Amino acid sequence: ASMVAAKQARDQARLADIDTAMVKFADTFSAAAAGKTEYLSWRALITGAQAKPEELRRFIETKPVLDFNALEPGKAASDYIRAAAREMNLTPEHGVRVRLTGPVPLADEEFVTLTDRVYLMVGAMIGGVLLLLWLALKSFKIIVSILATLMSGLIVTMGLGLMAVTEFNIISIAFIALFVGLGVDFGIQFAVRYRHERHFNDSLAEALSHAGRGVGIPLLLAAAATAAGFFSFLPTTYTGVAELGMVAGIGMVIAFILSITMLPALLMVLNPPGEDEDVGFKILAPLDTFMIRHRRRVIQVAGVAGLVSLGLMFFVRFDSNPLNLRSPKVESVATLFDLMKNPLTSPNTVDVPAITLAVADALADRIGREPLVSQTITLSSFIPSDQDRKLAMIADAGNLLDATINPFDVQPPPTDAENVAAMRATAAKLRDAAGQAQDKPARDARRLAASLETLAKAGQPARRRAQEATVPGMKTMLGQVSDMLKAQPVTIQSMPADLRADWVAKDGTARIQVFPRDTSNNPRALAAFSNQVQAIAPQATGAPISIRESGKTIVGAFQEAGVLSFIAITILLALVLRSFHDVMMTLAPLVLTGLLTLASCVVLDLPLNFANVIALPLLLGIGVAFNIYFVVAWRHGQHCHLQSALTRAVLFSAATTATGFGTLWLSVHPGTASMGELLMISLFWALVTTLFLTPALLGPPPPKKERVDVALIH
């Protein structure tokens, strides 16, 4: 600025020529004087264009040492990297942001997300479950007996499950949710029936005996049907689903056995007090009457709801992208999403192997012409074209700039006093050059002069901030220019061995990396991109293809498991109930529950995913169990369903399960929250169809002489 101001005085330069530079220096110096550090971009100053974030981004690939004894195996390595960055002043305060992403940070931070709000969720779950158990049972001794039975069954199931599948995976571990949900149901069914019997019989032993005879067969049938449904998962091709079926099926057997053995034994030991009143809901008697009188209308409404839901089934979405199950607020995920916005750094790339590099180059050229492909890269892509001409131009530039960038004589750094003097001198020259003119360059010159004068008056720390904001960046830029001027011819042989190994294997197989044009991370766009590449190169692989195929596998496995489970449950019900009518009355509400649940997913824009799809087996188990209880009670003469003790058991069983797993909705982890949301939706519809559709379908109980007794009773 001092030189331009001096030349302007001799009509050899204009302030307008350095107007942009004056503005940027004025901003930097003013910030330094105000106690802030605002770094000057030398690149923008020279080129006139602000660099895009992706142009300034650099990557360091590391392979951390993992501690698998820790809950976050990569935490120590990540902490070390962040500490090293701080020691090197690579911080936002110094104009640099270091972010970590990749498999290790993603896994560690997902665990942190899963544990976030864990105390809130556990507290809400325990408080809600205990409150509902108290409302249902009104006895701490009964509650303690149920919880002890539940925990014992869970431990036994976990042990037998490990013997059966060796280790649990992210799918099979969901047996815990299934076991707790149905285990609580079995316990509440027995305990409520016991309370009903105890009201009419003061003898604890006789009440337990009558409760066992009254609820044992419905529990057995419910457990058998649910276990048969879960065991039907075994033939599926997806290992996680098959193992889930194995462990959950074992759990249903354990839950039933303990509910009719350990639970009554604990009640016998703890001896809860008798019951002064029956446990039914007499207040619902008018609703029972309404259901009997208008059962046809209820069935018609259910039929219309089923047809509408069936139409919405075509719009159910399955989100197969596992990244959408992670919190976008954590650093590793946010960084990954940021990289996806740029086609050059998107991790959603496809790799295509070719037998030689020459074949790879030809195939890459063909794939690169596809409309959904932004670019293709092979090892040959790193060899510049027209090297001779470019190297000659670089050599000429080096001859011109070498003495400037690498001077023979280097002056010692100026003292602070010399800097202050230079600032004041430059400010004076800028004011002289600006004179009384009012155009923009003149105003900017006076502003820069004022910032220099302020900085000269400020303390030495302010001037150090100004130096830190300007000098290191200039040195870095000059170093980069110096390195670029040392360019040499590039050949495959001159490339680093590590780089060659990334692109060409020892046997000569070459890799083509294909980048998508669409950076939205939309599953449909990624599927279309993958299909386009595979149409030319069927051997292609990569994240978009593996995500799509894994989604197909999981959806297919659950569809297959659902069909097999439905068939197995139907056969079992037919063998035990021995009545086509009763089998249909048991299954119809279950089918409607499934349709309503999936229709709700469409209306609420809640796609199925790898996490919440686990709610569907729980829906199957609880839905079948609830309906079986009502059908068996109806066969034995029950006609006022809603005011009965059975409705109390079903209502509080569903509410307890919903409270226990609905608290997952509070999680900040999107996958866990979606699981809780879908569990709440499915349990709501299971309860609605069981309490209202099932009694309407059944109607008045058959006359005694026409009743078909359940097999194995008495």
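Keep in mind the model is a prediction, meaning the values are calculated, not measured. (Residues numbered from 1 in each chain as written. Predicted model: local features only at pLDDT ≥ 70, side-chain atom pairs only at ≥ 80, totals over all residues. Heavy atoms only, no water.)

Our focus in this paragraph is the overall build of the chain. When you go through the chain residue by residue, the secondary structure sums to 27 helices and six strands. In terms of C-alpha radius of gyration, the chain reaches 37 Å, well past the compact-globule figure of 27 Å for 714 residues. By principal-axis analysis of the C-alpha atoms, the chain measures approximately 120 × 65 × 50 Å. Across the 714 residues that make up the chain, the buried fraction comes to 44%. Put simply, of all contacts in the chain between residues at least 6 apart along the chain, 78% involve residues at least 24 apart. (Helix = DSSP H or I, 4+ residues; strand = E, 2+ residues; numbered from the N terminus. Rg over C-alpha atoms; globule rule 2.2 N^0.38 Å. Buried < 20%, exposed > 50% of the residue type's maximum accessible area, 1.4 Å probe, protein only. Contact = heavy atoms within 4.5 Å.)

Let's shift gears to the pattern of salt bridges. Summed over the entire model, instances satisfying the criterion amount to 17 salt bridges. The shortest N-O distance in the salt bridge between Asp-338 and Arg-57 comes to 3.1 Å. Here the residue Asp-338 occupies a position in helix H15 (residues 331–340), and Arg-57 occupies one in the loop between helix H4 (53–56) and helix H5 (75–87), the gap between them amounting to 281 residues. Among the salt bridges present, the one from Arg-99 reaches Asp-338, with a minimum N-O distance of 2.8 Å. Note that Arg-99 is positioned in the loop between H5 and helix H6 (103–115) and Asp-338 in helix H15, a separation of 239 residues in sequence. Accessibility expressed as a relative area gives 25% for Arg-99, which makes it partly exposed. (Salt bridge = Lys/Arg side-chain N within 4 Å of Asp/Glu carboxyl O.)

Our next topic: the packing of helix H22 (residues 523–536) against helix H23 (residues 543–577). Contact geometry of H22 with H23 gives a least axis separation of 9 Å together with a crossing angle of 110°. Taken together, the axes of H22 and H23 are roughly perpendicular relative to one another. As H22 runs across H23, the sense of the crossing is left-handed. When H22 is examined against H23, the residues Leu-526, Ala-527, Phe-529, Ser-530, Asn-531 and Gln-534 are found in contact with a partner set consisting of Pro-544, Ile-545 and Arg-548. Tallied by class, residues from the contact of H22 with H23 come to five nonpolar, three polar and one charged. (Axes fitted to C-alpha atoms, helices over the stretch in contact; angles between N-to-C directions. Parallel < 35°, antiparallel > 145°, perpendicular 65-115°, else oblique. Left-handed = near helix turned anticlockwise from the far one by under 90°. Nonpolar A, V, L, I, M, F, W, Y, C, P; charged D, E, K, R; others polar.)

Attention now goes to the packing of helix H10 (residues 204–231) against helix H11 (residues 239–260). At their nearest, the axes of H10 and H11 sit 7 Å apart, and the two run at 170° to each other. Between H10 and H11, the interaxial angle falls into the category roughly antiparallel. Of H11, the residues touching H10 (which contributes Gly-216, Leu-219, Leu-220, Ala-223, Thr-226, Ala-227, Phe-230 and Phe-231) are Gly-245, Met-246, Ala-248, Gly-249, Ile-250, Met-252, Phe-256 and Ile-260.

Take the sheet that holds strand S3 (residues 373–377) next. Spatially, S3-S4-S2-S5 is the arrangement adopted by the four strands of the open sheet, whose pairing is antiparallel. Only two strands of the sheet have a single partner each, and these edge strands are S3 and strand S5 (541–542). Note that strand S2 (residues 350–354) and strand S4 (residues 510–516) share five bridges and pair antiparallel. Residue pairing in the sheet places Ala-354 in a bridge with Ala-510 of S4. The strands touched by helix H16 (residues 357–367) within the sheet are S2, S3 and S4, with S4 carrying the most contacts at an inclination of about 15°. (Pairing = 2+ DSSP bridges.)

Looking now at the pairing of S2. Look at any regular strand and the pattern is simple: side chains alternate between the two faces of the sheet. Going residue by residue along S2, you find Val-350, Val-352 and Ala-354 tucked away on one face and Asp-351 and Pro-353 left uncovered on the opposite face. Of the strand pairs in this sheet, S2 and S5 are connected by two bridges, and their pairing is antiparallel. Its bridge partner lying in S5, Val-350 is registered against Gly-542.

Bringing the environment of Ala-77 into the picture now. Relative to the helices and strands, Ala-77 resides in helix H5. Take Ala-77: its relative accessible area is 16%, and that puts it in the buried class. The sequence separation of Ala-77 and Leu-66 amounts to 11 residues, and the corresponding C-alpha distance is 7.5 Å. When sequence neighbours within four positions are dropped, the list of residues in contact with Ala-77 reads Pro-64 and Val-65.

The predicted model of the chain has a mean per-residue pLDDT of 84, with 94% of residues at 70 or higher. Here residues 7–12 scores under 50 on pLDDT; set against residues more than four positions off or in separate chains, the count is six contacts. In this model, residues 705–714 is a region of pLDDT below 50 whose contacts with residues beyond four sequence positions or in other chains number 24 contacts. (pLDDT = per-residue confidence, 0-100.)

Glancing now at the packing of aromatic side chains. Applying the stated criterion across every chain, the model contains five aromatic pairs. The interplanar angle of 80° and the centroid separation of 5.9 Å between the aromatic rings of Phe-25 and Trp-42 together place this pair among those described as edge-to-face. In this pair, Phe-25 is assigned in helix H2 (residues 19–33) and Trp-42 in helix H3 (residues 42–47), connecting sequence segments 17 residues apart. Of the residues examined, Phe-25 reaches a relative accessible area of 19% and is grouped as buried. Given the relative accessible area of 15%, Trp-42 is considered buried. Both rings, one in Trp-134 and one in Phe-140, keep their centres 4.9 Å apart while their planes meet at 25°; by these two values the pair is stacked. Overall, the relative accessible area of 60% leaves Phe-140 in the exposed class. (Phe/Tyr/Trp six-rings, centres within 6.5 Å; stacked < 30°, edge-to-face > 60°.)

This part covers H23. Between its first and last C-alpha atoms H23 spans 49 Å; for 35 residues at 1.5 Å apiece the expected length is 51 Å, and the two agree. At the C-terminal side of H23, Arg-578 shows a positive phi close to 55°. (Expected span 1.5 Å × (residues − 1).)

The subject of this paragraph is the side chain of Glu-109. When you line up the elements, Glu-109 lands in helix H6. Accessibility expressed as a relative area gives 16% for Glu-109, which makes it buried. A distance of 3.4 Å separates a polar atom in the side chain of Glu-109 from the backbone nitrogen of Glu-331. Those residues in contact with Glu-109 that sit more than four places away from it in its chain are Arg-82, Val-330, Glu-331 and Ser-332. (Polar contact = N/O pair within 3.5 Å; in protein donor to acceptor, adjacent residues only side chain to side chain.)

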